[in-house]
Amino acid sequence: MRHSPLILHDAFAFPGGGEKVAQCLAELTGGILWTAQFNAQAFPEGFFKDRPPMDMRARERFPDLARWSETACFWRTFAEFPASAPPYSLFSGSLAPLAYKRIAGKKILYCHTPPRILYDQRDFYLRGKQPLKRQAYAAFLWAFERAYAKAARAMDVIVANSQNVAHRLGSFLQLDSVVVPPPVRTADFPWIAQEDFYLSTARVDRLKRVEVIAEAFLGMPEKRLVIVSGGSELEKVRAMCAEAVNIEVRGWVSPAELRRLTGTCLATIYIPRDEDFGISPVESMAAGKPVIGVAEGGLLETVREGRTGILLRANPSAEDVARAVAQMTPELALSMRQACEERAKLFDEAAFREKMATVIADVTR
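In this text the structure is predicted, and so the values were computed from the model without any measurement.

Definitions and limits used
Residues numbered from 1 in each chain as written. Predicted model: local features only at pLDDT ≥ 70, side-chain atom pairs only at ≥ 80, totals over all residues. Heavy atoms only, no water. Pairing = 2+ DSSP bridges. Helix = DSSP H or I, 4+ residues; strand = E, 2+ residues; numbered from the N terminus. Axes fitted to C-alpha atoms, helices over the stretch in contact; angles between N-to-C directions. Contact = heavy atoms within 4.5 Å. Buried < 20%, exposed > 50% of the residue type's maximum accessible area, 1.4 Å probe, protein only. Phe/Tyr/Trp six-rings, centres within 6.5 Å; stacked < 30°, edge-to-face > 60°. Lys NZ or Arg CZ within 6 Å of the ring centre and 35° of its normal. Core = buried A, V, L, I, M, F, W, Y, C linked by side-chain atoms within 4.5 Å. Salt bridge = Lys/Arg side-chain N within 4 Å of Asp/Glu carboxyl O. Disulfide = S-S within 2.5 Å.

**Student:** Describe the sheet that holds strand E9 (residues 225-228), listing the residues and the values that go with them.
**Tutor:** Through backbone hydrogen bonds, the strands of a sheet pair up, either in parallel or in antiparallel fashion. The parallel open sheet is built from six strands, whose spatial order is E10-E9-E8-E11-E12-E13. Each of the sheet's edge strands pairs with one partner strand only, and the pair in question is strand E10 (247-251) and strand E13 (309-312). Averaged over all pairs of adjacent strands, the angle between their axes in this sheet comes to 25 degrees, without regard to strand direction. Looking at chain direction, E9 and E10 are connected through four bridges and run parallel. Looking at the pairing, Ile227 lines up with Val249 of E10. Strand contacts of helix H8 (residues 210-218): strand E8 (198-200), E9, E10 and strand E11 (267-269), with the helix running at about 160 degrees to E9, the strand carrying the most contacts.

Set out below in structure tokens:
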């Protein structure tokens, strides 16, 4: 551990964008992955190249705390990280940086976003709490915000995954950052064919607005929709679509099945609330598939209106989605294929590796 860099990531619960970033950083640096919680069954064979993360088993160590708040459980786990002196460390996520006091050497934060529950979406999340719990949770967020700010300011350099996140870091924390978009293995998402269905790959939670997409297709029985991925709102969306013969809610699928669906759909639909960056639209474009997106957040940096997709107004309604689906005909989608593929190349994994290697060299020289 003394001679290898460390890469700390909040949790490996599923193979999402943050998890792919952390694994790519481990491959790039030869570093040792550490995490508060690891669900090995959720990851396909070969994901970690035979070097799985060191699992601190946060929920097993602090079961009572985990029942109250997983965030608090992971916070304590990283705060008690084994004292280490690596040549440098990379932190990925919102809670992993809280280990900073326990680790000597240069520190680099790859910031997917300042925790949205602390900043721009704080009121949104608090409204979802029961009134009796809201005050206690607000006090917890107050303490978490201060701890996160101290950790972020202790870093030698912060890398933001998009201009959108760089803006949040400046606005909320008055911190400068270097922008390096996350890695996308564009070769893993080839064009296969064009079949008559639209695809939603967003995590099914409150910020991703998958329920708005489902509502739109409930009013378009002649159009087919496939919803993949999981999340806190999955059962709600399944219940919405239970009687709809044109909507298939698949939940989590294997990487091979995700590639097949992306490579054969007509277009993808991705309308999250002020997305940090958004890897799914880039994967869609890599497969030559245009994106019906939203003119918010990271999609403004990836999707080109009228060339690689259609960007809806901010906070779109089901009617907005339905109009875009009607506009995105098979002919229009095919006409965007080449532009989509070319656009995706700008965000390929090779570009990420080159830029991060430069950041690390500059910090550690």
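**Student:** Talk me through unusual backbone geometry; I want residue IDs and the actual numbers.
**Tutor:** The phi dihedral of Lys49 is positive, around 50 degrees, even though this residue is not glycine. Assignment of secondary structure puts Lys49 in the loop between strand E2 (32-38) and strand E3 (54-55). Of the residues examined, Lys49 reaches a relative accessible area of 44% and is grouped as partly exposed.

**Student:** Go over the packing of aromatic side chains, please, and point to the residues and values.
**Tutor:** Here the structure, examined in full by the defined rule, presents 21 aromatic pairs. Considering the side-chain rings of Phe38 and Phe43, the 6.0 Å spacing of their centres and the 50 degrees angle between planes classify their relative orientation as tilted. Phe38 gets classed as buried once you look at its relative accessible area, which sits at 17%. Feature note: the residues Phe12, Phe38, Phe43, Phe47 and Phe48 constitute an aromatic cluster, connected by ring pairs. Directly above the aromatic system of Tyr137 lies the positively charged group of Lys129, at a separation of 4.2 Å from the ring centroid. A cation over an aromatic ring shows up here: Arg206 above the ring of Phe124, its NZ or CZ 4.4 Å from the ring centre.

**Student:** Can you explain the environment of Asp320? Please cite residues and give values.
**Tutor:** Positionally, Asp320 belongs in helix H13 (residues 318-327). What makes Asp320 buried here is its relative accessible area of 10%. Residues Asp320 and Tyr270 lie 50 residues apart in sequence; the distance between their C-alpha atoms is 13 Å. Beyond its immediate chain neighbours, meaning those up to four positions away, Asp320 contacts Leu312 and Arg313.

**Student:** A description of the nonpolar core should follow, citing residues and the corresponding values.
**Tutor:** What tends to happen in soluble globular proteins is that the nonpolar side chains get buried as a cluster. Among the nonpolar cores identified, the biggest contains 57 residues, and Tyr198, Phe217, Ile227, Ile269 and Met328 are the most heavily contacted of them. With six residues, H8 is the largest single contributor of residues to this core. Apart from residues no more than four positions distant in its own chain, Ile227 is found in contact with Ser200, Val204, Val210, Ala214, Val237, Ile247, Glu248, Val249, Arg250 and Gly251. Ranked by size, the runner-up nonpolar core spans 43 residues in total, among them Ala36, Ala72, Phe140 and Ala151.

**Student:** Go over the pattern of salt bridges with me, naming the residues and quoting the values.
**Tutor:** Across all of its chains, the model carries 32 salt bridges by this definition. In this structure, Arg57 engages Asp55 in a salt bridge whose closest nitrogen and oxygen atoms are separated by 4.0 Å. For Asp55, a relative accessible area of 22% corresponds to the partly exposed category. A single network of salt bridges, built from pairs that share partners, joins Glu27, Lys49, Arg185, Glu349 and Arg353.

**Student:** Explain the sheet that holds strand E4 (residues 88-92) to me, using residue names and the numbers behind them.
**Tutor:** Read from one edge to the other, the open sheet built from seven strands follows the order E3-E2-E1-E4-E5-E6-E7, with strand pairing classed as parallel. Each end of this open sheet is capped by a strand with a single partner; those strands are E3 and strand E7 (178-179). Pairing of E4 with strand E5 (residues 106-111), which is carried by five bridges, proceeds in the parallel orientation. For Tyr88, the partnering residue across the bridge sits in E5 and is Lys106. Helix H7 (residues 163-173) rests against E5, strand E6 (157-160) and E7 of the sheet, and its axis sits at about 135 degrees to E6.

**Student:** Provide a residue-level description of the state of the cysteines, including the pertinent values.
**Tutor:** The final tally for this structure, using the stated rule, is zero disulfides. This cysteine, Cys241, is not joined by any disulfide, and Cys265 carries the nearest cysteine sulfur, 17 Å off. We note that Cys265 lacks a disulfide partner, and the nearest cysteine sulfur, in Cys340, lies 10 Å from it.

Just distances and angles here, no functional claims.
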